[in-house]
Amino acid sequence: EPPHTGRLALYLLGLRATCPTHSPHRSLVTWLKHYLEEDWTGSRRHGHPLTNYYQYGLGVLALCVHHKRVREEVIRRLLTAQHHGRLGHSGNAVDTEAVVALAFTCLEQRRLVGTELAAELRAAAHRASRSMAEAQGPDGVIGNIYSTPWALQVFLATGVCQTEPAFGHAMAALLENLEAFSTAATMAQVLPVLHGRSYLDIASLHCQEEPGRSQGQRDWGQHWCPHRDGWVSPVLWWLLADTLTPLDMEAPAEVPGSKTVQLVVECPLPWCYDLKLYDRLVPVPAAASLLDVLQAAAALEPRDFSFHTQDTFQGPFLTEVLGLEARQEKRNYWQLLTAPNISLQMGIADYRPQDEEILILRLSEW
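Residues numbered from 1 in each chain as written. Predicted model: local features only at pLDDT ≥ 70, side-chain atom pairs only at ≥ 80, totals over all residues. Heavy atoms only, no water.

Undergrad: Is there a simple way to explain the packing of helix H4 (residues 72-83) against helix H6 (residues 115-134) in this structure?
TA: Each packed pair of helices is defined by two parameters, the angle between the axes and the distance between the axes. Where H4 contacts H6, the two axes come as close as 11 Å, and the packing angle between them is 35°. For the pair H4 and H6, the sense of crossing is left-handed. When H4 is examined against H6, the residues Glu72, Ile75, Arg76, Leu79 and Gln82 are found in contact with a partner set consisting of Leu117, Glu120, Leu121, Ala124, Arg127 and Ala128. Taken together, the residues of the contact of H4 with H6 sort by class into six nonpolar, one polar and four charged. (Axes fitted to C-alpha atoms, helices over the stretch in contact; angles between N-to-C directions. Helix = DSSP H or I, 4+ residues; strand = E, 2+ residues; numbered from the N terminus. Left-handed = near helix turned anticlockwise from the far one by under 90°. Contact = heavy atoms within 4.5 Å. Nonpolar A, V, L, I, M, F, W, Y, C, P; charged D, E, K, R; others polar.)

So, in structure tokens, the structure goes:
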């Protein structure tokens, strides 16, 4: 089983942000350092982490936020991967590039590396910022709606939020799609941005028990883009200072009736001899999600269709279809598409297909 690099990194970021009175910081940070080494050495012959560069970058970022130095070799692995374009899959590396750029910016701003390496990291972070601006679509989204908050955090952290036109367009797109952020993990990505902050600001947060600061005093760092009118939707959230209170979070109303979805499973060479392994019409309730469609297909024809998922902090993740398992070491995954060839921007539990929509599960390489 791969090391839990990303999960522990996110936990440590959250732990630092909450300023707990008592916390096992030291032991957890030690475990994260161990996971980073295990993540790489366990897959040394492949030249990439056992998990992925997203989790590896999160690990470096979390250590930096906790003011811990990282071995230069660990940092240069990320620099090399960025330089050779190895950070993402399916042509969309925005979220991974953003996490790595935040890690670079943190290491440079916190002065946890030497002068020469700091200059390289600063240049790499600004290259990533420009790349994200160039990747912005006409709708303002950068990569997809879930990677857009990561890109916005990079603009904030590198100080270009006031001058980069892509920042305002991306923020507008984010506000139009706030309902997509329905899990704890996705909310954690978007909430700092709505407050004009990035994860790097956690590194500058001084808790009550730290010397030289009065109770509640905080230094938010050198870069900050203030609120604009209308940034935060009052129906979903109310942000006041550092306090977040959920308001009017009602469950979606049930939609009467039914719909029929065409479910297709594709497996290209070299994994399969036949491209199309499954193609059936699946009747489901009108409000059914993609996960509901998969469950209905398995109940309808258990001998012809089967699937497995893995619970993650971002919801259920599709890992196996028709006995074909997507494996990290094989660099493949089950890509979710709607016909003819449009990648879905939501997970299987969140996406709700339309009546007569064609959904494609495709085993793909990254």
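Undergrad: Would you mind showing me how to read the packing of helix H5 (residues 94-109) against H6 here?
TA: Close contact between H5 and H6 brings their axes to 9 Å; oriented N to C, the two are set at 150°. Put simply, H5 runs roughly antiparallel to H6. Considering how the two elements wind past one another, H5 and H6 form a crossing that is left-handed. Of the residues in H6, those in contact with Val94, Glu97, Ala98, Ala101, Phe104, Thr105, Leu107 and Glu108 of H5 are Ala118, Leu121, Arg122, Ala124, Ala125, Ala128, Ser131 and Met132. Per-class residue counts for the contact of H5 with H6 are 11 nonpolar, two polar and three charged. (Parallel < 35°, antiparallel > 145°, perpendicular 65-115°, else oblique.)

Undergrad: Help me understand the pairing of strand S3 (residues 258-266) in this model?
TA: Consecutive residues of a regular strand have side chains that alternate between opposite faces of the sheet. Sheet topology places S3 next to strand S4 (residues 276-285); nine bridges connect them, and they run antiparallel. Opposite Thr260, over in S4, you have Pro283 as the bridge partner. Relative to strand S10 (residues 358-365), S3 runs parallel, the two sharing five bridges. The partner of Val265 across the bridge, within S10, is Leu361. (Pairing = 2+ DSSP bridges.)

Undergrad: Can you walk me through the sheet that holds strand S6 (residues 315-321) in this structure?
TA: Strand pairing in a sheet relies on backbone hydrogen bonds. The paired strands run either parallel or antiparallel. The strand order across the open sheet built from three strands is S5-S6-S7, with neighbouring strands paired in antiparallel fashion. The open sheet has two edge strands with one neighbour each: strand S5 (307-312) and strand S7 (324-325). Judged from the six bridges that link them, S5 and S6 form a sheet pairing that is antiparallel. Pairing of Thr309 across the sheet is with Leu318, part of S6.

Undergrad: Even after reading the chapter, I still don't get the packing of aromatic side chains, so can you show me in this structure?
TA: Centre distance and the angle of the planes are the two values used to describe a pair of aromatic rings. Counted by the stated rule, this structure contains nine aromatic pairs. Seen from their ring centres, Tyr54 and Trp150 are 6.1 Å apart, and the 85° between their planes marks the pair as edge-to-face. Taken together, the residues Tyr54 in helix H3 (residues 53-65) and Trp150 in helix H7 (residues 148-157) connect sequence positions 96 residues apart. One exposure class covers both Tyr54 and Trp150, and it is buried. For the pair Phe305 and Phe307, a centre-to-centre distance of 6.1 Å together with 35° between the ring planes defines the contact as tilted. When sorted by exposure, Phe305 lands in the same class as Phe307, which is buried. Chaining the aromatic ring pairs together yields one cluster made of Trp40, Tyr53 and Tyr56. (Phe/Tyr/Trp six-rings, centres within 6.5 Å; stacked < 30°, edge-to-face > 60°. Buried < 20%, exposed > 50% of the residue type's maximum accessible area, 1.4 Å probe, protein only.)

Undergrad: Any chance you could explain the pattern of salt bridges here in plain terms?
TA: Pairing between side chains of opposite charge can happen when the charged atoms of each approach one another. What the rule picks out here adds up to nine salt bridges. Glu37 serves as the salt-bridge partner of Arg71, at 2.9 Å between the closest nitrogen and oxygen. Residue Arg71 is located in the loop between H3 and H4, and its partner Glu37 is located in helix H2 (residues 25-41); the two are separated by 34 residues in the primary sequence. Its relative accessible area of 42% is what places Arg71 among the partly exposed residues. Where salt bridges share partners, they join Glu37, Arg71, Glu73 and Arg77 into one cluster. (Salt bridge = Lys/Arg side-chain N within 4 Å of Asp/Glu carboxyl O.)

Purely spatial values, then, with no claim about function.
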